[in-house]
Amino acid sequence: ELKVEQNPLFLSMQEGKNYTIYCNYSTTSDRLYWYRQDPGKSLESLFVLLSNGAVKQEGRLMASLDTKARLSTLHITAAVHDLSATYFCAVGIQGAQKLVFGQGTRLTINP
Amino acid sequence: DGGITQSPKYLFRKEGQNVTLSCEQNLNHDAMYWYRQDPGQGLRLIYYSQIVNDFQKGDIAEGYSVSREKKESFPLTVTSAQKNPTAFYLCASKRDPGTYEQYFGPGTRLTVT
């Protein structure tokens, strides 16, 4: 059974600082997705990572995938308040048409 | 405008009543999914369907039922057998077997008292 674990689960940081959210998963997969969720809202797709070594960047967010380590990271550079949200990683189950989600990381960025 | 719609946004029911949540998509996606999200928690898969007239149980299917009579529609019924139905319900769809990326609807918040 595929398990996906994120850490930290809660992160409070100051504007302007850098930080990284980690997503570990338990079995082989080369399909990893990052989503953002604002309070009371649905999930918005951020990044699609489809191969070992994949790196994607959008503004102050950068995601990477290391399939050998079964690890993805979401790096925040010079955080701003607008990035406050809950971030989920999700891993595709090989041979099945579904995703397994991590618990989510609730990020709060303080002015 | 292509997308996924869920209705209603908020739904209130008395305990013991069945309730059906709507999910419609005009993206021409084959696969559709239902998730449940509890406060401060991640998403748990209830049911999914990869093709019309076929669906599979997810991790927490007990107390729920679905149908897939049309490609565009995947309604979820929360039955009275579901012990703790109050939650945020999210519907998603996926383009084709070659991708795992799912697109989400706006969600329905169900409160049962």
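Check the entry above for the structure.
Position numbers for residues start from 1 in each chain and track the written sequence from start to end. Chains carry letters from A onward and ligands carry numbers from 1 onward, assigned in written order. The model is predicted, so local features are restricted to residues of pLDDT at least 70 and side-chain atom pairs to those at 80 or more, both for listing and for counting; the totals for chains, interfaces and linings are taken over all residues. Excluding hydrogens and water, the side-chain figures rest on all heavy atoms present in the structure.

1. A word on the state of the cysteines
Note on terminology: disulfide describes a covalent bond linking the sulfur atoms of two cysteines. Our working rule: Pairs of cysteine sulfur atoms within 2.5 Å are what we label disulfides. Secondary structure elements are taken from DSSP: a helix is a run of H or I of four residues or more, a strand is a run of E of two residues or more, and numbering for both begins at the N terminus. Relative accessibility decides the category of a residue: with a 1.4 Å probe and only protein chains considered, values under 20% of the type maximum give buried, values over 50% give exposed, and everything between is partly exposed.
Counting across every chain of the model gives two disulfides over all chains. With its sulfur 2.0 Å from that of its partner, C23 of chain A forms a disulfide with C89 of chain A. Since a negative S-S torsion denotes a left-handed disulfide, the C23 of chain A-C89 of chain A link at about 80 degrees is right-handed. Linking C23 of chain A in strand β3 (residues 19-25) with C89 of chain A in strand β9 (residues 85-92), this pair joins segments that are 66 residues apart in sequence. Accessibility expressed as a relative area gives 0% for C23 of chain A, which makes it buried. Here C23 of chain B connects covalently by a disulfide to C91 of chain B, the sulfurs 1.9 Å from one another. Here the disulfide of C23 of chain B and C91 of chain B is left-handed, its torsion about the S-S bond being about -70 degrees. Here C91 of chain B lies in strand β9 (residues 87-94) and C23 of chain B lies in strand β3 (residues 19-25), a separation of 68 residues in the sequence. For the pair C23 of chain B and C91 of chain B, one class covers both residues: buried.

2. Focus: the environment of V55 of chain A
All names here are of chain A. How we decide: It only takes one pair of heavy atoms within 4.5 Å for two residues to be counted as in contact.
Mapped onto the secondary structure, V55 falls in strand β6 (residues 55-58). As for V55 and L74, which are separated by 19 residues in sequence, their C-alpha atoms are 9.9 Å apart. Residue contacts for V55: discarding those within four places in its chain leaves L49, M62, A63 and S64.

3. Thoughts on the sheet that holds β6 of chain A
All names here are of chain A. Rules: At least two bridges found by DSSP between two strands is the condition for calling them paired. Think of each axis as a best-fit line through the C-alpha atoms, taken over the contacting stretch in the case of a helix, with angles from 0 to 180 degrees between the N-to-C directions.
Strand order in the open sheet formed by five strands is β1-β3-β8-β7-β6, with antiparallel pairing between adjacent strands. Each having just a single partner strand, β1 (4-7) and β6 make up the two edges of the open sheet. Across this sheet, the average inter-strand angle for adjacent strands is 15 degrees, counted without regard to direction. In this structure, strand β7 (residues 61-66) lies alongside strand β8 (residues 71-76), joined through six bridges in antiparallel fashion.

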